Amino acid sequence: MTGEDSTEGEGVVRRDRFSGGPARSFLSSLAADERIFAADLAVDRAHVVMLAEQGIVESETAGEILTALDAVEVDGHGSLPDGEDVHEAIETAVIERVGRDGGKMHTARSRNDEVATCIRYRFREDVLEALEATIGLREALCEVAETHTETVMPGYTHLQPAQPITVAHWACSYEEAVRRDTERLLEAYARINQSPLGAAAFAGTTFDIDRERTAELLGFDSVLANSMDASSSRDFLLETTQALSTLATTLSGLAEDVILFANRGFVDLSDDYSSTSSIMPQKKNPDTLELVRAIAGDAAGGVQGLTTTLKGLPRAYNRDLQRATPHAWETVDDVTDATEVAAGAVASADWNAETLAAEAGAGFSTATGVADLLAANGLPFRTAHELVAHAAQRAAGRANGETVSNGSDYDALEAASREVLDDPLEDHVDPAAVEAALDPVESVASRNSQGGPAPEAVAAQLESAEDAVGADETQVGELRDDLEAASAALREEVNAYV
Ligand code: ARG
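Asker: I tried to follow the overall build of the protein chain on my own but got confused; where do I start?
Answerer: A tally of regular secondary structure across the protein chain gives 19 helices and six strands. Relative to the 2.2 N^0.38 estimate, which gives 23 Å for 498 residues, the radius of gyration of the protein chain is 31 Å and therefore markedly larger than a compact globule would have. In terms of its C-alpha atoms, the protein chain occupies a principal-axis envelope of roughly 105 × 50 × 40 Å. In the protein chain, which comprises 498 residues, the share counted as buried stands at 50%. Surface summary for the protein chain: the accessible area is close to 22,700 Å², and the carbon and sulfur share equals 48%.

What follows is the structure, encoded as structure tokens:
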């Protein structure tokens, strides 16, 4: 398009000098901006309503612009005229409908504060969805805990059976971790929910605008005070993406656990969350959880991309910022999906209580409890540890078929006692208490310290988990209600003009 062509007639935007050229598509964010199409319309509406209220734009013109915005909305993002971005394209579409006066929409603002506002406006919705997903996952974990308070299972360190726990204790451990992910996202949300609108390019405006009013119309909690910070800061994207990446890291551990448990026959994944092999008909693979595990990598990549883009950017606006936003979009989409899938996989899985019980005491996993018992009966803990270590070695040898000596873990302890203390075991401890300590169910029940796996200790954890889920659900629900109320109120204001 040449300058001459674009000067024809009322209503044609004259950005002619810069409107063509080989870098046009390189510069354009119009396609990616589809995500903020609705946000931009809301921001435009709030801004125009404020301009009219302040007497900066006549009510009649405001009405024409707002009517045009409704028509642009109906036509959709796909019908926008060409433009460097959605902000320019919507403005052009408004001018096409209203004539030159449509250009009054852009009084007292810049695309810099406009885009920053649009990103925050849209990101709030996305983060609310992510928050809801964390709450759904926590609910699923609480349900598992509720059902399996008594279901013993082996607990692992270094992938080796370490001490028996319960499925509920395991589930509550992840609920507590994801609870912190919810908290981090809520904290980030509070900082997203501030309005940059009215900062203009970065240095404010000569017009008598009302920034508090546009913030209110768009449902923001407050106004970002400094206009230079408002239009150029993207730390809200970074901290939220970091919080999402932390969540994804939590999810990857959860996914890995369930993959291992499925592999050991402890848990059966529902078919909905499994895949089969295209060649090996017997296979049922935990692909969904493998993807959940992998998304931690994407999220870490998002943080890296964003950090590297933002690092060293001078004040105020630089076009690099256009490339920052998609990292956050991708991360929030991926991590929300992963959270929902993890919740579904956990909620629909079947735990094999019998297999778990049989394995719970394997590998001398009750050894710590036996050592504690000996120490409680007066042996120095170090000596108790040594004695049980000897017994465990015998038990391991027996499992490997190396020693033919008698069968039980108790027998191994008896032999170790004679070896280490030169005494029979019963000189130091009641044999019945040893048998109890060797039993996984008793072992779990005896570890009733605060936060421990004993059913009563887990019941307390579960109760606070359920309380926290309820409170967070209420808070997120209120945040959603606030956004819906703001958007309904904005519509009302607009209706007074159109
Ligand atoms: N599409 C741009 C972005 O996403 C909008 C702001 C353009 N501002 C400018 N000064 N070129 O950042």
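Asker: Can you walk me through the pairing of strand β1 (residues 152-157) in this structure?
Answerer: Side-chain direction in a regular strand flips from residue to residue, so the side chains alternate between the two faces of the sheet. Pairing of β1 with strand β2 (residues 160-166), which is carried by six bridges, proceeds in the antiparallel orientation. Its bridge partner lying in β2, Gly155 is registered against Gln163. Linking β1 to β2, which pair antiparallel, is a turn of two residues; within it His158 sits at a positive phi near 55 degrees.

Asker: What is the right way to read the packing of aromatic side chains from this model?
Answerer: Ring pairs (aromatic) are described by centroid distance and by the angle formed between their planes. One pass over the structure, following the stated rule, counts six aromatic pairs. Between the aromatic rings of Phe261 and Phe266, the centroid separation amounts to 6.1 Å while the plane-to-plane angle is 35 degrees, which identifies the pairing as tilted. The exposure class of Phe261 is buried, given its relative accessible area of 4%. Among the aromatic residues, those joined into a ring-pair cluster are Trp170, Tyr174, Phe261, Phe266 and Trp351. In this structure, Arg124 packs its charged tip against the face of Phe220, placed 4.4 Å from the ring centre. Its guanidinium or amino end placed over the ring of Tyr156, Arg264 lies 4.2 Å from that ring's centre, counting from NZ or CZ.

Asker: I keep staring at the side chain of Arg45 and nothing clicks. Help me out?
Answerer: When you line up the elements, Arg45 lands in helix α3 (residues 37-53). According to the relative accessible area criterion, Arg45 is buried, its value standing at 8%. With residues near it in sequence (within four places) discarded, Arg45 still touches Leu66, Leu69, Asp70, Glu73, Leu490, Arg491 and Val494.

Asker: Just to check I follow, could you spell out a negative patch on the surface for this structure?
Answerer: The grouping of Glu125, Glu129, Asp221, Asp337, Glu340, Glu478, Asp481, Asp482 and Glu484 at the surface amounts to a negative patch. Counting only elements with at least two residues in the negative patch, the list comes to α6 (111-147), α12 (320-348) and α19 (455-495). Per element, the largest residue contribution to the negative patch is four residues, and it comes from α19. As for its position among the elements, Glu484 is in helix α19.

Asker: Just checking my understanding: could you explain the environment of Glu340 for this structure?
Answerer: Position of Glu340 relative to the elements: it lies in helix α12. Classification of Glu340 by relative accessible area gives partly exposed; the value is 42%. The spacing of Glu340 and Leu137 is 203 residues in sequence and 6.8 Å in space, taken between C-alpha atoms.

Asker: Please explain helix α11 (residues 287-310) as it appears in this structure.
Answerer: Helical geometry note: an α-helix holds 3.6 residues per turn, so side chains three or four residues apart project in the same direction. Across its 24 residues, α11 extends 35 Å between first and last C-alpha, which sits within 8% of the 34 Å expected from 1.5 Å per residue. Within the sequence span of α11, burial applies to Thr288, Leu289, Val292, Ile295, Ala296, Ala299, Gly302, Val303, Gly305, Leu306, Thr309 and Leu310. Buried residues in α11 make contact with α10 (235-263) and α12. In the segment just after α11, Gly312 is the residue with positive phi, at about 75 degrees.

Asker: Would you take a moment to explain the packing of α11 against α12 for this structure?
Answerer: When two helices pack together, their arrangement is given by the angle between the helix axes and by the axis-to-axis distance. Two numbers describe how α11 lies on α12: the axes approach to 9 Å, and their chain directions differ by 160 degrees. If you check the angle between α11 and α12, you find them roughly antiparallel. Both α11 and α12 take part in a crossing whose hand is left-handed. Contacts between α11 and α12 involve Thr288, Leu289, Val292, Ile295, Asp298, Ala299, Gly302, Gly305, Leu306, Thr309 and Leu310 on the former and, on the latter, Asp320, Leu321, Ala324, His327, Thr331, Asp334, Val335, Ala338, Val341, Ala342 and Ala345. A breakdown of the residues in the contact of α11 with α12 according to their chemical character gives 13 nonpolar, six polar and three charged.

Parameters and conventions
- Residues numbered from 1 in each chain as written.
- Predicted model: local features only at pLDDT ≥ 70, side-chain atom pairs only at ≥ 80, totals over all residues.
- Heavy atoms only, no water.
- Helix = DSSP H or I, 4+ residues; strand = E, 2+ residues; numbered from the N terminus.
- Rg over C-alpha atoms; globule rule 2.2 N^0.38 Å.
- Buried < 20%, exposed > 50% of the residue type's maximum accessible area, 1.4 Å probe, protein only.
- Areas by Shrake-Rupley, 256 points an atom, 1.4 Å probe, with all protein chains shown as cover.
- Pairing = 2+ DSSP bridges.
- Phe/Tyr/Trp six-rings, centres within 6.5 Å; stacked < 30°, edge-to-face > 60°.
- Lys NZ or Arg CZ within 6 Å of the ring centre and 35° of its normal.
- Contact = heavy atoms within 4.5 Å.
- Patch = residues over 30% accessible without salt bridge, like charges linked within 9 Å, V, L, I, M, F, W, Y side chains within 5 Å.
- Salt bridge = Lys/Arg side-chain N within 4 Å of Asp/Glu carboxyl O.
- Lys, Arg positive; Asp, Glu negative; His and termini not counted.
- Charge placed at Lys NZ, Arg CZ, Asp CG, Glu CD.
- Expected span 1.5 Å × (residues − 1).
- Axes fitted to C-alpha atoms, helices over the stretch in contact; angles between N-to-C directions.
- Parallel < 35°, antiparallel > 145°, perpendicular 65-115°, else oblique.
- Left-handed = near helix turned anticlockwise from the far one by under 90°.
- Nonpolar A, V, L, I, M, F, W, Y, C, P; charged D, E, K, R; others polar.

Nothing here speaks to function; it is geometry throughout.
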